[in-house]
Amino acid sequence: MTAKQWPAASKYLDARIVGRRDLTERISEFLIGGADGAALPPGDAGSHIELRFGGPAGRFLRHYSLIGPLSPEKSPEPFWRIAVQREDRFRGSAFIHATFREGTRLRVSRPIGTFRLGRNVPHALLVAGGVGITPILPMMRSLSFRNRPFHMVYAGRRREEMAYADEVEAIGGDHATILEADRSGFPDLRALLAGQPEGTVVYVCGPGPMIDALTTAAAGLGWDHGRVRYEVFNAAHRPDDHGLTVELRDGRLIEVGAGTTILDALEQAGVDTLSDCRRGECGLCLTDVVPGDAVIDHRDSFLSEAERAEGRQMCVCCSRVANASKLKLAI
Ligand code: FES
């Protein structure tokens, strides 16, 4: 019997949770299957999916990397595997942890491949920070299968908070290093890069400051910009974010909670918006700002430095305000 296939045209697919387990105190793994036994389309190493879910407390759209099988052997799985870190102030992940159980229905996109592993890079350095391991682990697995040269560094505060540390060691062997900051401090990223073979390409996923430090170190060593490829984990949220009020052209005031994006708040208020990636990459949510005192805290990777400095537009899916609690948007 062949598995039921999805019609090629549908952007979102009906799915359900088919398994759940806790990996650490704050990170849980969820297995996702097609709602009616349909096979979900496979994703490449580094690809992610959009999840649409929610209830009366709010509707959410979030992105999660497809982790793939955890075994070093070739073993395709009939479901998708994701891992979600609970951030209590960020309502989407808290909602998932509180409500997703076996049988929970949700909508999912097809795999999206914006963070691609090059097929033939001479040597890959994989760097994962915390739950940023989720796109990096399948990359390591792919490189290992194909016998491609790589080194992997997985950094976290302490091992018991680091999901899949055992699997990283089992798959990566001598090519994988686990760094616990509580024991050995934060890695010297400049020294790490300087010690790599000629032509190394870096793939990194983790918190924004880690990626900033790595790209700065690479620039300091004269590395070409394209040799550091990254995916920022949770670009939209930082622990010290505060709430703000957005004023629209018609005078409407929209409250944006500390753990909510401006885009989410606009949508919940019924304001017409455009968006796609929802993590500062595509520019579709770019919105005009009414000039004023507010200094935009740009967290996207779409606008150029010059455009950021102008402060006339912002990506409302992830950027906020650095110095004020009120922002006027020209919509
Ligand atoms: S939705 Fe893609 S940059 Fe905001």
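Looking up the protein chain in an unreviewed UniProt entry gives the name Oxidoreductase, with the organism given as Amaricoccus solimangrovi. Among the UniProt annotations of the protein chain, the heading Cofactor (unreviewed entry) holds the following wording: "FMN".

J.: Tell me about the packing of helix α2 (residues 133–145) against helix α3 (residues 165–172), and name the residues and values.
T.: Where α2 meets α3, the closest approach of the two axes is 10 Å, and the angle between their N-to-C directions is 20°. With respect to their mutual orientation, α2 and α3 come out roughly parallel. In terms of crossing hand, the pair formed by α2 and α3 is left-handed. The segment α2 lies against α3, with I133, L137, M140, R141 and S144 engaging E167, V168, I171 and G172. Looking at the contact of α2 with α3 residue by residue, the classes come out as 5 nonpolar, 2 polar and 2 charged.

J.: Can you break down the domain arrangement of the protein chain residue by residue, with the values?
T.: Taken as a whole, the protein chain is organised into domain 1 (12–109), domain 2 (123–232) and domain 3 (244–328). Between the C-alpha centres of domain 1 and domain 3 there is a distance of 27 Å. Across the contact, 10 residues belong to domain 1 and 9 residues belong to domain 3. Interface of domain 1 and domain 3: buried area, both sides summed, is about 790 Å²; carbon and sulfur atoms make up 35% of it.

J.: So what about the side chain of T287? Which residues, and what values?
T.: Along the chain, T287 turns up in strand β14 (residues 286–288). According to the relative accessible area criterion, T287 is buried, its value standing at 9%. In this structure the side chain of T287 is engaged in a polar contact, spanning 2.7 Å, whose partner is the backbone oxygen of C285. In contact with T287, other than residues within four places in its own chain, are R312, Q313, M314, V316, L329 and I331.

J.: Kindly report on the sheet that holds strand β12 (residues 244–247), identifying the contributing residues and their values.
T.: The strand order across the open sheet built from 3 strands is β13-β12-β18, with neighbouring strands paired in mixed fashion. Either end of the sheet is taken by a strand with one partner, and the two such strands are β13 (253–256) and β18 (326–328). Between one strand axis and the next, the sheet turns through 25° on average, direction left out of account. Pairing between β12 and β13: 4 bridges, direction antiparallel. Directly across from L244, in β13, lies its bridge partner V256.

J.: Break down the packing of aromatic side chains for me, with residues and values.
T.: Scanning the model with the defined rule gives 4 aromatic pairs in all. Relative to F100, the ring of F30 has its centre 5.9 Å away and its plane inclined at 85°; by these criteria the two rings are edge-to-face. With F30 in strand β2 (residues 27–34) and F100 in the loop between α1 (91–99) and β6 (105–109), the pair connects residues that are 70 residues apart, well separated along the chain. F100 sits in the buried class, given a relative accessible area of 2%. Through a chain of ring-to-ring contacts, three or more aromatic side chains come together here, namely F30, F53, F95 and F100. Above the plane of the ring of W223 lies R227, whose end atom (NZ or CZ) is 3.8 Å from the centre.

J.: Now, about the pattern of salt bridges: what can you tell me, with residues and values included?
T.: Evaluation of the coordinates by the stated rule reveals 16 salt bridges. R158 is paired through a salt bridge with D182; the nearest N and O atoms lie 2.9 Å apart. Note that R158 is positioned in the loop between β8 (150–156) and α3 and D182 in helix α4 (residues 181–184), a separation of 24 residues in sequence. The exposure class assigned to D182 is partly exposed, which follows from its relative accessible area of 42%. D300 is the salt-bridge partner of R308, the closest N and O atoms lying 3.9 Å from each other. When its relative accessible area of 21% is taken as the criterion, R308 is described as partly exposed.

J.: An account of α2 is requested, with residue identities and associated values reported.
T.: Every α-helix winds through 3.6 residues per turn, so residues three or four apart in the chain are directed the same way. The end-to-end C-alpha distance of α2, which contains 13 residues, comes to 18 Å, matching closely the 18 Å that a straight helix rising 1.5 Å per residue would cover. Among the 13 residues that make up α2, 11 are buried, leaving the element largely enclosed by the rest of the structure. All buried positions along α2 are accounted for by I133, T134, P135, I136, L137, P138, M139, M140, R141, S142 and L143. Downstream of α2 by a residue or two, N147 has a phi angle that is positive, lying close to 60°.

Cut-offs and rules
Residues numbered from 1 in each chain as written. Predicted model: local features only at pLDDT ≥ 70, side-chain atom pairs only at ≥ 80, totals over all residues. Heavy atoms only, no water. UniProt positions renumbered as here; feature names shortened; annotations may be inferred. Axes fitted to C-alpha atoms, helices over the stretch in contact; angles between N-to-C directions. Helix = DSSP H or I, 4+ residues; strand = E, 2+ residues; numbered from the N terminus. Parallel < 35°, antiparallel > 145°, perpendicular 65-115°, else oblique. Left-handed = near helix turned anticlockwise from the far one by under 90°. Contact = heavy atoms within 4.5 Å. Nonpolar A, V, L, I, M, F, W, Y, C, P; charged D, E, K, R; others polar. Domains from an automatic or database assignment. Buried area = accessible area lost by both parts, 1.4 Å probe. Buried < 20%, exposed > 50% of the residue type's maximum accessible area, 1.4 Å probe, protein only. Polar contact = N/O pair within 3.5 Å; in protein donor to acceptor, adjacent residues only side chain to side chain. Pairing = 2+ DSSP bridges. Phe/Tyr/Trp six-rings, centres within 6.5 Å; stacked < 30°, edge-to-face > 60°. Lys NZ or Arg CZ within 6 Å of the ring centre and 35° of its normal. Salt bridge = Lys/Arg side-chain N within 4 Å of Asp/Glu carboxyl O. Expected span 1.5 Å × (residues − 1).

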